Amino acid sequence: MLGLLLIALVHSLASGVADDNVEPIYYNLTILTRMEGGSAQNRYEGFVAIDLAVKNSTKQLTIFSTELNLVVHKTWLLRKYTGRRISVVKATRSKNKPSADELIIVFTHTLWLGETYTLYIYFQGALNKPQKFGYFSVRYNTPVPHFYALTHMEPAYARYVFPCFDLPHLRTKLHLRMHHHKQYVALSNMPVAEKKAHPSIEDFEVTIFEDTPPLPTHMMMWTLHSMENLLNTTTNGTMGVNISIWSRPIVKDRLDFVMAVTPKLLSDSETLFGQPLFSGKSGKFDVVVLPEYSDQRSSMGLLVIGEYDLGPSNASKEILHESLAALVVRQWHGRLVSLGDLSLAWVRNGINYYLAIQVASMGHQDVSHNMSRLLSVRLRVMEQDSLPQSREVAAHLRGPAHRNLRNSKMCLLTHMLCMALGEKIFYGGIKSFVKRYANMTVGPNLLWQEFQQAGRRALRLPLSLELATVMNSWFDQPGFPLITVLRDDINSSVTLKQQRYIQTTGMAIESKSCWWLPIIYITKTHPQAQTEWLGCHTNNPELKTLELRHVIEPDEWILVNAEVAAPIRIFYDLRNWRLLAKALRENFTQVPEVSRAALLDDALHLSWAGYLPYSVTLDLMRYLRNETSHLVWQTAVSSLEKLQSIMYLTTGYRIFKLYMKQLVGPPFKEILKTMSSPPKKNMMSKMMMLKARAEDAKPTHGADSQHTVGEDSKPTHGAGSKPTDGADSKPTHGAGSKPTEGTDSKPTDGTDSKPTEGANSKPTNGADSKPTDGANSKPTNGADSKPTDGADSKPTDGADSKPTDGADSKHTDGAGSVSSLGAMLYRLACQFDIHECMADALIKFSQAMDKASTDVIPEGLRDTVLCIGIRHGVEEFWVVVRDMYKKSQEETEKRVLLHALSCSTEYWALRKLLLWALDRKMVPRSLTVGLLTSVLKGYLGYYVGKQFLMKNMDQIVRRFNSQSIFSILKPFVETVTSNDELAELEGLFREKLSESMLNHIGDLMESAYDKINWRKYQYYELLIAIKNYTTEKLE
């Protein structure tokens, strides 16, 4: 009974701005689309007949219509009972809000209570919407121009497509007819019922679809395209689903993975939800792969992705698998059970994100794959949500950063509920919820209620605990808690206290925030997880603590937040840190794999923020040379590379580099033995050949010769440039290295032109030189990695076992491929100039140049090897890779090659790439942001890119959307190391960006301020800790 009352409440709230006098019961929609030729190019027209049930007698009604052209004399009403036509007196916008979405239609006669009428409206609309919502068209070149059209109606964009009652609680049947040129294929939510030639327009045809079940208008979806139906199959679920994949033939070889995983995702989702997607008959599921499309959309029976999502690499397949899983899961939690308040769509999306990770992990060869993915999500969320100015997820802010934070944090909170309730109760609650509310519109509180009832029946939740209160404590305040764990061995107790965690070094913020959360812990002698609840009583601070008694002995460690149950950080007292460090050195498998990763992550971040001495963290990490889990290494490296991005600009980098060599060297050399490398004699001869080729290719300029560049360019870094020791220092430039402008020597951008090389441009490999790596020495696990994180988050070993001598212990996964851990350690070893890695990478690069193909390089090493080769090679190699890029038809390969070209240390090369970035003939739009990001990550790229940004900021703002601009500006902000540089960037942004865009990049500026503060407060402490750690090995 309570559930039905809540549903009624959701309906009444959602319909607050609706016309309560009438209710739609059927849509009959006809759309005529013209995408090419004539004066009607990129426009469409339509006719909609809406059956209405009158709930209160009225002479007017309100309907939603935005940016559509309506004609009064082509709008009328028909009374079903008598067939009488009722004309329109007028159709106007609200006088108080002339730009409002509501259109008020006044009739000549009264609409009587209890009767049914049909409203007829003719309308016209435009397809060329740059915002890509409503009904829009996209042009792509192959090489002649082609078009496709697509709808995007959520959350409230159906009103931009046709006049309708666009409210989420109104579920209505739809009959759709598409009139279109015969070269196009029309697809929608439902199967095609009939297709026939158009009776009056030459070369046009009419596609008629079956009626939909009752759906909200935002779930209605169709597309018009010229793709081909390349693959078909049928699922083995309760009711067989016919799956068809539509794409251009050029990408057919990459569709096999989509066809392989989609049926299983549908079947596994049906198992998870315990409910068939289509009841009573078999359904259809069209997957459409579109060029020049960067979004991902799904509704009943239809799923649309972009060609760029089909990358052939293992990493891109992992990302695609998870993305497809999220779109499939939404067919149940989003379509079958829909959301009544779309302002809470982030709650639904976050839950679906979590469920998609679980569905994608079903049957995965790595049983801990789902935890690996969740840990990657945790790293991103806690980095962003720990900033002082972060906002609560319930805040309605625009921008990609806040949107991603909402979805990802909700994913982690869903995991918290699952861990607190137990998997059996959690998934039982999901099934019960979908079964109870199938084909209904409800709110999240009903799901919390379902979980709570199941949890209490199983005695997993205290009777006084309300899950709605728990969730609201996380929704309505920013950040997350730091749990301080204090041992009292004399009284055999452990006390836990909470406070808000602030990441920024040297900043103390008073906060009364508190959260309801489960405390899940294990001990040395009790590895089975125990659960207690830490409360949030704002009026009584004493009730914000939790005391555990008689849970550990004096010589036992305790580990809180086992299996990373909640998005929190744990701060132990020094004794417990030492006990945990000792346990890891003795036998690291006694701490579960995911918990080891979280332990290192907490320690590194607590040291960054000044809570924990770096000496304690380095002691904890001492065991890493024995660690066999990619998941643990990846977590540690994400923080270590953040440190490296600051340290390489200081003279302290030599000490940091030595520490990293000692940490990475031993495990890398073990893994190198398992990789197929050339014999040592052959390796040395190859290196000698490379050096000889480099000497022959050197220009004959004098030592002080200058490379010619633009008038306001920055100098390149000479071989003798060395960073200064000041806190805000940048690398200084070699004497006489400032370039001058000359017209004859400036490189051109022609296809056949070869750039010239400056004498001082070749980098050195000394201790103070910039590290060489596959990512331009910036962390690769940042927030801008795509939703997701790819195969690199996959651990290679179980939590409680060491590698065996079988196939799983190998770090090569077959011919031409390398394990995730092997690829990561290879990249790190080359990044910190470990000789064996550099030699191996240069040999592999030479082999690739000899064959003018990257196929000879193992996939996991490709980025690193190409980057090392370009950075340390000669002009000839850059040109070879450039030509490979121009010949490549594969977008993922083009991305790898562009990234390799951006690893150059030459000014002319980086400037050429920046000019390409805005040339659609050279770089597709989908690769532009990635190219700019790669170029700007290096310190030379920062200076070159700064000039580029100053000159082209206006063009960038015009050509890219806010999310792309956010991605482009991110590397600029991340490279800042002083307050002066930050102020200069802020000035440029204030001058060129809109107010809304400035709000979007606020978190970026905070992150830069955090790095500046770390350099001021924690830099020397880290150096001292490393010196003490490596004293016996320093000369």
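Residue positions within a chain follow its written sequence, with the count starting from 1. Note on the predicted model: pLDDT of at least 70 is required for a residue's local features to be given, and 80 or more for side-chain atom pairs to be given and counted; whole-chain, interface and lining totals, by contrast, use all residues. Note that the side-chain values use all heavy atoms of the structure and ignore hydrogens as well as water.

## Some details on the pattern of salt bridges
Step number 1: Any carboxyl oxygen of Asp or Glu that lies within 4 Å of a side-chain nitrogen of Lys or Arg is treated as forming a salt bridge with it. Counted by the stated rule, this structure contains 36 salt bridges.
Step number 2: In this structure, Asp 203 and Lys 182 form a salt bridge, with 3.3 Å as the shortest nitrogen-oxygen distance. On the criterion of sequence distance, the pair formed by Asp 203 in the loop between strand E12 (192–197) and strand E13 (204–209) and Lys 182 in the loop between strand E10 (173–181) and strand E11 (185–188) is long-range, its members being 21 residues apart.
Step number 3: Burial classes: relative accessible area under 20% of the type maximum marks a residue as buried, over 50% as exposed, and values in between as partly exposed (1.4 Å probe, protein chains only). Its relative accessible area of 35% is what places Asp 203 among the partly exposed residues.
Step number 4: Linking Lys 657 and Asp 833 is a salt bridge whose minimum nitrogen-to-oxygen distance equals 2.6 Å. Both residues of the pair, Lys 657 and Asp 833, count as buried.
Step number 5: Taken together, the shared-partner salt bridges connect Arg 378, Arg 569, Asp 601 and Asp 602 into one network. The numbering of helices and of strands both runs from the N terminus, where a helix is a DSSP run of H or I of at least 4 residues and a strand a run of E of at least 2.

## Quick notes on the environment of Ala 454
Step number 1: By the secondary structure assignment, Ala 454 is in helix H8 (residues 444–457).
Step number 2: Separated by 30 residues in the primary sequence, Ala 454 and Lys 424 have C-alpha atoms spaced 9.9 Å apart.

## Re the packing of aromatic side chains
Step number 1: The aromatic pairing rule takes the rings of Phe, Tyr and Trp, using the six-membered ring of Trp, and pairs them if the centres are within 6.5 Å, calling planes under 30 degrees apart stacked, those over 60 edge-to-face and the rest tilted. For the coordinates displayed, the defined rule picks out 33 aromatic pairs.
Step number 2: A ring pair is formed by Tyr 44 and Phe 123, whose centres lie 6.5 Å apart and whose planes are at 75°; its orientation type is edge-to-face. With Tyr 44 in strand E2 (residues 43–54) and Phe 123 in strand E7 (residues 116–126), this residue pair connects regions lying 79 residues apart in the sequence. Considered together, Tyr 44 and Phe 123 belong to a single accessibility category, that of buried residues.

## Brief notes about the packing of helix H5 (residues 369–385) against helix H11 (residues 593–608)
Step number 1: Two elements in contact, H5 and H11, have axes whose closest approach is 11 Å; the angle formed by their N-to-C orientations is 15°. Classified by the interaxial angle, the pair formed by H5 and H11 is roughly parallel. Handedness of the crossing formed by H5 with H11: right-handed. Across the interface between the two elements, Met 371, Leu 375, Arg 378, Leu 379 and Glu 383 of H5 pack against Val 594, Ala 597, Ala 598, Asp 601, Asp 602 and His 605 of H11.
Step number 2: Class assignment of the residues belonging to the contact of H5 with H11 gives a composition of six nonpolar, one polar and four charged. Angles shown run from 0 to 180 degrees and are taken between the N-to-C directions of axes, each axis being a line fitted to C-alpha atoms and, for helices, limited to the stretch in contact. Should an angle lie under 35 degrees it is considered roughly parallel, over 145 roughly antiparallel, and from 65 to 115 roughly perpendicular; all remaining angles are considered oblique. With the far helix as reference, a near helix turned anticlockwise by less than a right angle produces a left-handed crossing, and one turned clockwise produces a right-handed crossing. When checking whether two residues touch, look at their non-hydrogen atoms; a contact exists if any pair is within 4.5 Å. The nonpolar class holds Ala, Val, Leu, Ile, Met, Phe, Trp, Tyr, Cys and Pro. Asp, Glu, Lys and Arg form the charged class, and all remaining residues, Gly among them, are polar.

## Comments concerning the nonpolar core
Step number 1: As used in this record, nonpolar core signifies buried Ala, Val, Leu, Ile, Met, Phe, Trp, Tyr and Cys residues forming a set joined through side-chain atoms within 4.5 Å. Counting 254 residues, the largest nonpolar core has Leu 355, Trp 448, Leu 517 and Trp 577 as its most contacted members.
Step number 2: Here the element with the most residues in this core is helix H6 (residues 400–421); it accounts for 11 residues.
Step number 3: Filtering out sequence-adjacent residues up to four positions away, Leu 355 remains in contact with Leu 272, Phe 273, Val 329, Phe 426, Tyr 427 and Ile 430.
Step number 4: One finds Val 54, Leu 61, Leu 167 and Phe 209 within the second-largest nonpolar core, a separate group that totals 46 residues.

## Let's talk about the environment of Ser 87
Step number 1: Among the secondary structure elements, Ser 87 is positioned in strand E5 (residues 85–93).
Step number 2: Judged by relative accessible area, which is 36%, Ser 87 ranks as partly exposed.
Step number 3: Separated by 13 residues in sequence, Ser 87 and Lys 74 place their C-alpha atoms 9.4 Å apart.
Step number 4: Filtering out sequence-adjacent residues up to four positions away, Ser 87 remains in contact with Phe 107 and Thr 108.

## Notes on H6
Step number 1: Here a helix's expected span is defined as the number of its residues, less one, multiplied by 1.5 Å. Taking 1.5 Å as the rise per residue, H6 with 22 residues should run 32 Å; its terminal C-alpha atoms sit 32 Å apart, in good agreement.
Step number 2: Counting buried positions along H6 yields 19 of 22 residues, so the element is predominantly enclosed.
Step number 3: One or two residues past the end of H6 sits Gly 422, with phi positive at roughly 95°.

## Overview of the packing of helix H19 (residues 875–887) against helix H20 (residues 891–901)
Step number 1: Between H19 and H20, the least distance of the axes is 9 Å, while the angle of their chain directions is 155°. Between H19 and H20, the angle is such that the two are roughly antiparallel. Between H19 and H20 lies a crossing of left-handed hand. Where H19 abuts H20, its residues Trp 878, Val 881, Arg 882, Met 884 and Tyr 885 lie against Lys 894, Leu 897, Leu 898, Ala 900 and Leu 901.
Step number 2: The residue makeup of the contact of H19 with H20, split by class, is eight nonpolar, no polar and two charged.

## A closer look at the pairing of E11
Step number 1: Taking every second residue as pointing to the same face, both faces of E11 are buried, with Val 185 and Leu 187 on one and Ala 186 and Ser 188 on the other.
Step number 2: For two strands to be treated as a pair, DSSP must find no fewer than two bridges joining them. With four bridges connecting them, E11 and strand E14 (residues 222–225) associate as antiparallel partners. Residue pairing in the sheet places Val 185 in a bridge with His 225 of E14.

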